[in-house]
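Structural description and commentary
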Amino acid sequence: MGQGDEAKEEVRTLFISGLPDDVKEREIYNLFQTFPGYEFCQLKYTGRGYQIVAFVVFSDQASALAAKEAVNGLKFDPQSSATLNIELARANSRAKRPYTDDGGITTMEKKPRMPVGVPGLLADSVLV
């Protein structure tokens, strides 16, 4: 596959905003998993406060557009007046740890940060 082939790849990923800040990946999964062509979803922090967006990937663009038409404008959280804003993403997302049909569910968790400059933390691997 050459460089020109990647540029021609159809976008089959939906970008979703308007989500509550306490949304869970399984809620996005439950919303889209019944649509034909659903493959996986991911949540990302935008870096603006606690705002979260989702990316939902389908097997083809037609499936993504059908799901978009069905769900765009949905009131997702009954405690909020916000509605989902869904559009095609600029590019396709790559799977990191997708939900699987065998019940494997991943979660979006913050990775713990290691203290910087604490003596002895990496002494065995640094000093050989």
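Structure first, text after, so check above.
Notes on the structure follow. (Residues numbered from 1 in each chain as written. Predicted model: local features only at pLDDT ≥ 70, side-chain atom pairs only at ≥ 80, totals over all residues. Heavy atoms only, no water.)

What about the overall build of the protein?
Looking only at helices and strands, the protein has 4 helices and 4 strands in total. Each helix and strand of the protein, ordered N terminal to C terminal, gives the series α-β-α-β-β-α-β-α. For the protein, with 128 residues in total, the buried portion stands at 31%. The long-range fraction of contacts in the protein, counting pairs at least 24 apart against all pairs at least 6 apart in sequence, stands at 63%. Carbon and sulfur atoms make up 51% of the accessible area of the protein, which amounts to about 9100 Å² in all. (Helix = DSSP H or I, 4+ residues; strand = E, 2+ residues; numbered from the N terminus. Buried < 20%, exposed > 50% of the residue type's maximum accessible area, 1.4 Å probe, protein only. Contact = heavy atoms within 4.5 Å. Areas by Shrake-Rupley, 256 points an atom, 1.4 Å probe, with all protein chains shown as cover.)

Points about the pattern of salt bridges
Tallied over the full model, the rule gives 2 salt bridges. Here Glu39 makes a salt bridge to Arg12, at a shortest N to O gap of 3.0 Å. Pair noted here: Glu39 is in strand β2 (residues 38–45) and Arg12 is in the loop between α1 (3–7) and β1 (13–17), with a separation of 27 residues, a long-range link. Across the pair Glu69 and Lys68 runs a salt bridge, and its minimum N-O distance is 4.0 Å. Its relative accessible area of 61% is what places Glu69 among the exposed residues. (Salt bridge = Lys/Arg side-chain N within 4 Å of Asp/Glu carboxyl O.)

Functional significance is not addressed by these values, which are geometric in nature.
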